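# Observations on chain architecture
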Amino acid sequence: MLPDGITPVTNTTLAFLPRLALCYCTLLLGACGGGTDATPQPSAASTAPFADARVKPIARAGTELPKISNEPPASILFVDIAGERGLSHVYDNGMQGVNLMVEATGGGAGWLDFDGDGHWDLYLNQGGEPTQPSDRLADQLFRNTDGERFESVTAAARIHETRYGQGVAIGDFDSDGFDDIYVTNVGRNTLLRNNGDGTFGDVTLAAGVGDERWSTSAAWADLDHDGFVDLYVCNYCDYDPAAPIPCLRDGEPRICHPKDIPPVPDEFFRNRGNGTFTAEAVERGLVGLQNRGLGVVTADFDNDGDSDVYVANDTTANFLFDNDGTGHFIEVGTLRGCAVDRNGATQASMGLACGDFDGDGWLDLYSTHFYRESNTLYRCLGKTGYEDVTAQVGLHLPTLNVLGFGTVMADFDLNGHPELFVTNGHIDPTKTMDAGGYAMQPQLFSFDGHRWHDLSVSAGEHFSREFVGRGVASCDFDADGDTDLCVVHQNASVALLENRSKHGNWLQLRPIGTSGDRRATGCRATLYVGERALMQELCGGTSFASSHQPILTWGLGDWDGPCTLEIRWSKGNVERLDNVTPNQRLTRIEPNGP
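Reference entry: report on the structure contained in this document. (Residues numbered from 1 in each chain as written. Predicted model: local features only at pLDDT ≥ 70, side-chain atom pairs only at ≥ 80, totals over all residues. Heavy atoms only, no water.)

## What to know about the pattern of salt bridges
Following the criterion strictly, the structure yields 26 salt bridges and no others. A salt bridge links Glu267 to Arg213; the shortest N-O distance between them is 3.6 Å. Of this pair, Glu267 sits in strand E15 (residues 267-271) while Arg213 sits in the loop between helix H2 (204-207) and strand E11 (215-221); the two residues are 54 residues apart in sequence, bridging distant segments of the chain. For Glu267, a relative accessible area of 13% gives the class buried. In this structure, the salt-bridge partner of Glu537 is Arg524, at a minimum N-O distance of 2.9 Å. With Glu537 in strand E34 (residues 532-537) and Arg524 in strand E33 (residues 524-529), the pair connects residues that are 13 residues apart, well separated along the chain. Salt bridges here are not isolated pairs; linked through shared partners, they connect Arg85, Glu148, Glu498 and Arg500. (Salt bridge = Lys/Arg side-chain N within 4 Å of Asp/Glu carboxyl O. Helix = DSSP H or I, 4+ residues; strand = E, 2+ residues; numbered from the N terminus. Buried < 20%, exposed > 50% of the residue type's maximum accessible area, 1.4 Å probe, protein only.)

This is the structure in structure tokens:
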């Protein structure tokens, strides 16, 4: 969050190191360039190594999928139906003209099926008075009654969370099959355990995860591969809204620059498997210099079979923590070329999207940033690291004059190429008139196989309105095969964006883990369609302060023939499903054994 009038810092050393590291690694390693629910029977497990395997690029001669075109699709449409579906919620940041720093960052959303009825419910956190909790405003749990309507069941679920909320992370920490809720706050965070009977209990103190600092995003993932899902929590600054450091501009209160406030380290809570956690960030190597964490992704970025951690930091270099396979980490962001932009400048990083946008079998990263910085797309080059390709693929200029937060990479029109949704909004209501405004329009970009195109103008009325956007969480809440969105706005109604795009054929996978994480975070699946191989991974975290429905969705365009699906579970066991027909929702339970 870089206030207006501050020029991004360019560090000559940081500019030089990624290029040096890339050359060095290249010398050492070599350069890398409505359906029906069904559960098909698997064939024999594949013995081919999945890790390090290079799948075929998304654009291949001879494919029967639609030909790649430089013309962007004109079929994507989102409609905000929150009001008509009973979803009524406003995140109140409590601003009263004092410009407290904490007012700039909340809130978030999390999708979960808390009652196990197959309909995806929604948890939305609340802000309120930053200096003290108030019963006037509280978090809300909305039950999806039938795929059509939402109703608040907060009181019935025995949830009473009134702290100044920031984000939501959904995970099943005790592996009982019921989704639990972790809420990040300014002050003590909260862990709500799902009792399995429609109610929740606050087990924060018993579990030992009540971080007292200013936390933002969080992610559940089994980072040490012991079968118990762990928790990574992003922390921001050492800031007390009840006794704030005074920050002025022309004698008037302003939102503090992040570098005016001391940073605080992130935390890693290791799940001990008995309902309790231990804080082990330092012991595990999950620490970096001057972190101000706002976004986090856990995923297998180097294709070695374990989950790594990428952290979006505000005005300081981003972190990439490489897992050594034992749950210990080394920070390699600068070495791998994804700590700063291509000019070596640190950026005010907020939200993160992750996906294989170019179809080469390696996960790429998209980070949202401050006004006048532009968002950044890091393309993975394989084990040599990452390259900032933002300008080359058409994403630099469209995001220069906005300030981005939550973001999602998904194939919204199911044509075989991804899109990017970004919600925007400034952090300082006292900004100058040339700062693009406080409230800003959201954006939608579509990839055609070569470049990204801005489709915001044609994607629906929501994109013509201005908001102070923060969290974004994706879910196919109406079970029609495509991806819908929940978008949280500060001091304005939450949006439920129903995807009404004209779309192609599709396939959806919901993996259910048995060896630890029931939500199967870290599960990776490759769908073989003709001569194309489309890889996706169920990542932990992503977006900003939000949690998505744990599913994988592939767009197939005109392809309606059989496919082959290869699933690598988080423990490394691989299964292969042949003759999978499109336009269905598959539920796969992790098999026992290797």
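## Brief notes about unusual backbone geometry
The phi torsion of most residues other than glycine is negative, and most of the peptide bonds are trans. Following Gly106, the chain continues to Gly107 via a peptide bond in cis, the omega torsion being 10 degrees. Looking at where Gly107 falls in the secondary structure, it is placed in the loop between strand E2 (78-80) and strand E3 (109-112). Here the phi dihedral of Asn99 falls at roughly 60 degrees; this positive angle occurs in a residue that is not glycine. Positionally, Asn99 belongs in the loop between E2 and E3.

## With respect to the packing of aromatic side chains
This structure, assessed with the given rule, holds 19 aromatic pairs. On the numbers, 5.9 Å between centres and 50 degrees between planes, the contact of Phe150 with Phe477 is tilted. Note that Phe150 is positioned in strand E6 (residues 150-152) and Phe477 in the loop between strand E29 (469-475) and strand E30 (484-489), a separation of 327 residues in sequence. Here the two residues Phe150 and Phe477 agree in accessibility, since each one is buried. Arranged with centres 5.0 Å apart and planes meeting at 70 degrees, the rings of Phe405 and Phe544 form a pair that is edge-to-face. You can see Phe405 sitting in strand E25 (residues 404-410) and its partner Phe544 sitting in the loop between strand E35 (540-541) and strand E36 (552-557), a full 139 residues away along the chain. Its relative accessible area of 1% is what places Phe544 among the buried residues. (Phe/Tyr/Trp six-rings, centres within 6.5 Å; stacked < 30°, edge-to-face > 60°.)

## Re the sheet that holds E25
Adjacent strands of a sheet pair through backbone hydrogen bonds, lying either parallel or antiparallel. The sheet built from four strands is open, its strands ordered E25-E26-E27-E28 with antiparallel pairing. Sheet topology places E25 and strand E28 (452-454) at the edges, where each strand pairs with a single neighbour. Averaged over all neighbouring strand pairs, the angle between strand axes comes to 20 degrees, with direction disregarded. Across five bridges, E25 lies against strand E26 (residues 419-424) in antiparallel orientation. Counted as the bridge partner of Val408 is Phe421 from E26. (Pairing = 2+ DSSP bridges. Axes fitted to C-alpha atoms, helices over the stretch in contact; angles between N-to-C directions.)

## Describing the nonpolar core
Membership of the largest hydrophobic core comes to 44 residues, with the highest contact counts inside it found for Leu87, Met101, Trp111 and Leu124. Only E3, strand E4 (121-124), E29 and E30 provide two or more residues apiece to this core. Membership of the second largest hydrophobic core comes to 20 residues, among which are Leu534, Leu552, Ile567 and Leu586. (Core = buried A, V, L, I, M, F, W, Y, C linked by side-chain atoms within 4.5 Å.)

## Some thoughts on the sheet that holds strand E21 (residues 352-355)
Taken together, four strands build an open sheet; the order of strands is E21-E22-E23-E24 and the sheet is antiparallel. Looking at strand neighbours, the two that pair on one side only are E21 and strand E24 (386-388), the edges of this open sheet. The sheet shows a mean angle of 20 degrees between the axes of neighbouring strands, taken without regard to direction. Inspection of the sheet shows E21 paired to strand E22 (residues 364-367) by four bridges, in the antiparallel sense. Bridging from a neighbouring strand, Ala353 pairs with Tyr366 of E22.

## Focus: the state of the cysteines
Here the structure, examined in full by the defined rule, presents one disulfide. Between the sulfur atoms of Cys247 and its disulfide partner Cys256 the distance amounts to 2.0 Å. With the S-S dihedral at roughly 100 degrees, the linkage between Cys247 and Cys256 falls on the right-handed side. The class of Cys247 is buried, set by a relative accessible area of 9%. Cys486 forms no disulfide, and the closest cysteine sulfur to it belongs to Cys475, at a distance of 9.5 Å. Classification of Cys486 as buried rests on a relative accessible area of 0%. (Disulfide = S-S within 2.5 Å.)

## A short note on the side chain of Thr190
Looking at the element boundaries, Thr190 is found in strand E9 (residues 190-194). What makes Thr190 buried here is its relative accessible area of 0%. Separated by 2.9 Å, the side chains of Thr190 and Glu161 make a polar contact. Ignoring sequence-local partners within four residues, the contact set of Thr190 consists of Glu161, Arg163, Ile181, Tyr182, Val183, Asn185, Asp202 and Thr204. (Polar contact = N/O pair within 3.5 Å; in protein donor to acceptor, adjacent residues only side chain to side chain. Contact = heavy atoms within 4.5 Å.)

## As for empty space enclosed by the protein
Within this model, the largest cavity holds a volume of roughly 880 Å³. For the lining of the largest cavity, the elements supplying multiple residues, two or more each, are strand E7 (165-171), E11, E21, E25, E29, E34, E35 and E36. It is E34 that provides the largest number of residues to the lining of the largest cavity, a total of five residues. Tallied by class, residues from the lining of the largest cavity come to 26 nonpolar, 19 polar and five charged. (1 Å grid on protein atoms, 1.4 Å probe; cavity = no way out; pocket = protein on both sides within 12 Å on 5 of 7 lines; lining within 4 Å. Points joined across faces, edges and corners; volume = space filled by probe spheres on them. Nonpolar A, V, L, I, M, F, W, Y, C, P; charged D, E, K, R; others polar.)

## Description of the environment of Gly288
Structurally, Gly288 is set in the loop between helix H3 (281-284) and strand E17 (293-299). Along the primary structure Gly288 and Leu320 are separated by 32 residues, whereas in three dimensions their C-alpha atoms are 9.5 Å apart. Residue contacts for Gly288: discarding those within four places in its chain leaves Phe319 and Phe321.

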